[in-house]
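# Chain and residue survey
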Amino acid sequence: MAKKIMVASMALAVALTASACGNSSNNGGDEASKNNSSSNTTNNTTASTDNTSATNESASAAKEKVTFSLFNGVANAPDGNTNETTIGKSLEDQTGVNFKIEHLVGDLKTKIGTMIASNKYPDVIDPDAGIDQLLDAGAFIDLTPYIDKYPNIKKVYGPYLNRMKAKDGKIYYLPFSTQVGAYTPDPNINQGAFWVQRRVLKEAGYPKIKTMDEYFKLVEDFVNKHKDENLIGYASLTNDWRFFATSNQSMHLAGYPNDGNVEIDMTTHEAKTYYTNDDTKRWLQALNTLNAKGLFDKASFVDNYDQYIAKLSSKKVVGFFDYGWQIANANNVLKDAAKKDPTQDDYVYQPMPITFDGQPDQLLDPPGFVNNRGIGITVSAKDPERIMQYWDTLLSEDNQILRSWGVKGETYEVDDKGRFFRTPEEIAKIDEPYKLKFGFTYYAWDWPQYGTNSTLSNGNALAPGLQPEVFQLSLTDKDKEILGKYGVKTYAEQFATPQDRPWYPAWGIPKEQGSPQQIWETQKDEVTKKYYPKMVLAKPADFDKVWQEYLGAFGKLDTAGYEKWYTEQIKAILDASK
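Residues numbered from 1 in each chain as written. Predicted model: local features only at pLDDT ≥ 70, side-chain atom pairs only at ≥ 80, totals over all residues. Heavy atoms only, no water.

Here we come to the overall build of the protein chain. If you tally the helices and strands in the protein chain, you get 26 helices and 13 strands. Counting across all 578 residues of the protein chain, residues that qualify as buried make up 60%. Of the contacts formed within the protein chain by residues at least 6 apart in sequence, a portion of 77% connects residues at least 24 apart. With an accessible surface of roughly 21900 Å², the protein chain has 51% of that area assigned to carbon and sulfur atoms. (Helix = DSSP H or I, 4+ residues; strand = E, 2+ residues; numbered from the N terminus. Buried < 20%, exposed > 50% of the residue type's maximum accessible area, 1.4 Å probe, protein only. Contact = heavy atoms within 4.5 Å. Areas by Shrake-Rupley, 256 points an atom, 1.4 Å probe, with all protein chains shown as cover.)

Given below as structure tokens:
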């Protein structure tokens with residue numbers, strides 16, 4: 001569960017715009033970036049009082065140039081200096097600061113363990129899943145004394161400061177998902193959905209299916225009509241930490257959002273696990289039935305992630321459940337093929353809001369705050385003050401536009417109503433090499449920033465992929481055709497509006513390393529990874545017997561203690577938000 005958090009969030013930031021902008025990403029900028037430290041004089045329509053404050057702060061911070069080392073625990077880009085990118089150069093001009101970034105190679109915990117053993121750290125670390133190791137080792141300095149000094153940091157993180165405090169009352173890192181301004185919904189589906197090939201819907205006359213049984217019947221009928229194609233009816237991802245792509249489904253089918261291991265009652269706010277309830281039994285029994293019919297891909301329990309993505313890209317898999325960010329590579333391959341040859345659109349996957357009995361889904365994310373990942377300054381840092389100045393400058397609205405939209409006239413435009421948009425030419429040129437060179441790739445995540453669903457003070461979406469004008473421009477004629485069949489203009493319109501959940505996502509609540517909660521999650525993983533394959537692949541007549549064995553094994557875990565702890569955390573967040 002833990003590792004998915006950072007990757008999920010990071011992939012979301014990338015996938016949001018990748019899907020909305022074709023081969024582009026998000027990101028953007030403004031005139032300020034062209035003029036370096038003169039950004040406080042920009043004529044950009046987004047100029048605001050906090051930007052002025054930030055740029056004044058930047059001006060005072062611009063002094064002798066310095067390079068800090070930064071380790072990123074996610075291997076998402078080549079190593080390099082931030083000042084070799086357009087965004088990083090602009091920030092260096094404003095602050096005098098450059099970062100030399102090293103990304104993870106090999107095992108994360110081994111890498112961090114080596115740092116701890118030597119007591120020598122890079123100046124700054126974004127440790128991903130290794131954050132607990134570093135916190136336990138005392139590797140991060142307390143940021144609390146600095147936060148009040150920096151207006152943009154205080155503005156962005158102010159509403160979350162109490163939740164960011166460790167047990168000792170100190171703040172050791174800045175998270176990445178703070179909501180600023182109004183919540184901008186994502187028109188794409190980068191979170192959970194049941195996906196099905198578009199040709200299946202076309203052949204069935206575009207039915208408005210809502211239930212699990214309807215979905216599987218659709219898959220079964222199609223496979224049976226196309227036996228000569230040797231199709232895989234349903235595949236599921238179970239590889240390593242991504243096992244949740246299979247185990248989360250009963251929660252979603254019951255109408256809950258992705259709160260991780262627990263479902264939160266909206267009235268009592270009690271947290272309950274779902275791994276042994278009737279919903280999970282119903283879900284696993286449905287997979288068992290699919291397997292008995294030859295529709296379930298048995299390799300789902302042995303394929304690694306790359307094999308899974310390759311299988312989805314092969315046009316042989318009819319349906320599956322997963323999170324949009326996690327299958328972005330496969331989706332992009334199929335969409336790119338369809339853009340070149342519209343007949344290939346049949347193999348593009350369409351997201352569907354499926355639940356057990358057609359109850360409202362909660363698959364779209366409500367506003368949330370992920371608090372167990374972030375970036376911190378280490379005890380080895382040469383000059384924490386300069387780093388905090390850099391982060392404060394980065395958090396000015398002008399610079400958030402720069403890292404998100406880019407430069408006006410180069411990567412985005414502004415119409416006479418002040419709305420940001422991108423031309424087809426701009427969308428086309430922002431490919432992967434361009435994103436690397438410009439810095440979109442390096443600044444898409446991993447830094448103190450506005451959360452992806454944030455809205456700028458002028459009403460534009462922070463993320464280009466969430467801007468309706470950009471999204472509509474990215475749609476192909478086939479996209480518009482199938483959306484029209486369902487009477488919507490965006491994919492998200494097919495899904496239920498997310499309910500407000502101040503604690504969301506519950507999996508983002510930090511747990512101490514070695515705590516009873518973390519031990520429970522490790523034991524839960526061991527039990528589910530052992531028994532889920534047995535139950536799905538068992539003869540149908542043996543399913544109940546294996547289910548009982550599973551209940552016996554799961555019953556040895558202190559689930560009541562885990563639920564009690566989670567309920568206390570949820571209620572504490574609710575109390576703090578009053």
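Moving on, we get to the pattern of salt bridges. Taken as a whole and judged by the stated rule, the model has 25 salt bridges. Residues Asp 128 and Arg 373 are paired through a salt bridge, measuring 3.7 Å at the closest nitrogen-oxygen approach. Of this pair, Asp 128 sits in the loop between strand S4 (124-126) and helix H6 (131-136) while Arg 373 sits in the loop between strand S10 (349-352) and strand S11 (376-377), and the two are 245 residues apart along the sequence. Of the two residues examined, Asp 128 and Arg 373, each falls in the buried class. The salt bridge partner of Glu 512 is Lys 167, with a shortest N-O separation of 3.1 Å. (Salt bridge = Lys/Arg side-chain N within 4 Å of Asp/Glu carboxyl O.)

Reading across the sheet, the 4 strands line up as S6-S9-S5-S10 and stay open at both edges, with mixed pairing between neighbours. Edge strands, defined here as strands with exactly one partner in the open sheet, are strand S6 (232-235) and S10. When strand polarity is set aside, the average angle formed by the axes of neighbouring strands in this sheet is 20°. Against the sheet, helix H11 (residues 212-225) makes contact with strand S5 (192-197), S6 and strand S9 (317-323), and its axis sits at roughly 150° relative to S9, the strand it touches most. (Pairing = 2+ DSSP bridges. Axes fitted to C-alpha atoms, helices over the stretch in contact; angles between N-to-C directions.)

A few words now on the nonpolar core. Where a protein is soluble and globular, its nonpolar side chains tend to be buried together. Formed by 94 residues in total, the largest nonpolar core has its most connected members in Tyr 215, Tyr 234, Trp 283, Met 535 and Tyr 550. Setting aside chain neighbours within four positions, we find Tyr 550 in contact with Tyr 275, Thr 276, Val 527, Thr 528, Tyr 531, Tyr 532 and Met 535. (Core = buried A, V, L, I, M, F, W, Y, C linked by side-chain atoms within 4.5 Å.)

A separate point is the packing of aromatic side chains. Each pair of aromatic rings is reported with the distance of its centres and the angle of its planes. For the coordinates displayed, the defined rule picks out 42 aromatic pairs. With 6.4 Å between their ring centres and 25° between their planes, Phe 244 and Trp 325 make a pair best called stacked. Of the two residues, Phe 244 sits in helix H12 (residues 244-247) while Trp 325 sits in the loop between S9 and helix H16 (328-340), which places them 81 residues apart along the sequence. Both residues of the pair, Phe 244 and Trp 325, count as buried. Clustering of aromatic rings is evident, with ring pairs tying together Phe 243, Tyr 274, Tyr 275, Trp 520, Tyr 531, Tyr 532, Trp 547, Tyr 550, Phe 554, Tyr 562, Trp 565 and Tyr 566. Stacked on the ring of Tyr 347, the Lys or Arg Lys 315 has its end atom at 5.1 Å from the ring centre. (Phe/Tyr/Trp six-rings, centres within 6.5 Å; stacked < 30°, edge-to-face > 60°. Lys NZ or Arg CZ within 6 Å of the ring centre and 35° of its normal.)

Another point: the packing of helix H4 (residues 86-95) against helix H18 (residues 397-404). One way to put it is that H4 packs onto H18 with a least axis distance of 10 Å and a crossing angle of 160°. Classified by the angle between their axes, H4 and H18 sit roughly antiparallel to one another. Helix-helix and strand crossings are classified by hand; for H4 and H18 the assignment is left-handed. From H4, Ile 87, Ser 90, Leu 91 and Gln 94 reach across to H18, where they touch Asn 399, Leu 402 and Arg 403. Looking at the contact of H4 with H18, its residues break down into 3 nonpolar, 3 polar and 1 charged. (Parallel < 35°, antiparallel > 145°, perpendicular 65-115°, else oblique. Left-handed = near helix turned anticlockwise from the far one by under 90°. Nonpolar A, V, L, I, M, F, W, Y, C, P; charged D, E, K, R; others polar.)

Now for the sheet that holds strand S1 (residues 66-72). Ordered in space as S2-S3-S1-S4-S11, the 5 strands form an open sheet in which the pairing is mixed. Among the strands making up the open sheet, the edge pair consists of strand S2 (80-81) and S11. The pairing of S2 with strand S3 (residues 97-103) spans 2 bridges and is antiparallel. Looking at S3, one finds that Gly 80 is bridged to Ile 101.

Bringing the pairing of S9 into the picture now. The buried fraction of S9 is high, at 7 of 7 residues. Direction of pairing for S5 relative to S9: antiparallel, over a ladder of 5 bridges. Of the residues in S9, the one forming a bridge with Gly 192 is Tyr 323. Note: S6 against S9, 3 bridges, orientation parallel. The residue of S9 that forms the bridge with Tyr 234 is Gly 319.

Below, the discussion takes up unusual backbone geometry. For residues that are not glycine, phi is negative in most cases, and the peptide bond is trans in most cases. Along the chain, Tyr 504 connects to Pro 505 via a cis peptide bond; the corresponding omega equals -10°. Mapped onto the fold, Pro 505 is located in the loop between helix H23 (477-485) and helix H24 (516-537). Although it is not a glycine, Asn 119 adopts a positive phi angle of roughly 55°. With respect to the helices and strands, the residue Asn 119 is situated in the loop between helix H5 (108-118) and S4.

Walk down a regular strand and you will see the side chains alternate between the two sheet faces. Taken across its 7 residues, S3 has 5 buried, putting it largely inside the fold. Bridging between S1 and S3 involves 7 bridges; their strand directions are parallel. Bridged to Thr 67 within S3 is Asn 98.

Under the 1.5 Å per step criterion, the end-to-end length of helix H26 (residues 559-577) is 27 Å for 19 residues, consistent within 8% with the ideal 27 Å. Turning to H26, its buried residues are Thr 559, Tyr 562, Glu 563, Trp 565, Tyr 566, Thr 567, Ile 570, Ile 573 and Leu 574. (Expected span 1.5 Å × (residues − 1).)

Glancing now at the side chain of Asn 98. With respect to the secondary-structure elements, Asn 98 resides in strand S3. The class of Asn 98 is buried, set by a relative accessible area of 2%. Only 3.1 Å separates the side chain of Asn 98 from the side chain of Thr 67, close enough to count as a polar contact. Ignoring sequence-local partners within four residues, the contact set of Asn 98 consists of Val 66, Thr 67, Phe 68, Asn 81, Thr 82, Asn 83 and Glu 92. (Polar contact = N/O pair within 3.5 Å; in protein donor to acceptor, adjacent residues only side chain to side chain.)

Attention now goes to the packing of H24 against helix H25 (residues 543-554). The relative placement of two packed helices is expressed as an angle between their axes plus a distance between the axes. Where H24 contacts H25, the axes come no closer than 10 Å and their chain directions differ by 170°. Put simply, H24 runs roughly antiparallel to H25. In this structure, H24 contributes Trp 520, Lys 524, Val 527, Thr 528, Tyr 531, Tyr 532, Lys 534 and Met 535 to the contact, and H25 contributes Phe 543, Val 546, Trp 547, Glu 549, Tyr 550, Ala 553 and Phe 554. Looking at side-chain class alone, the contact of H24 with H25 contains 11 nonpolar, 1 polar and 3 charged residues.

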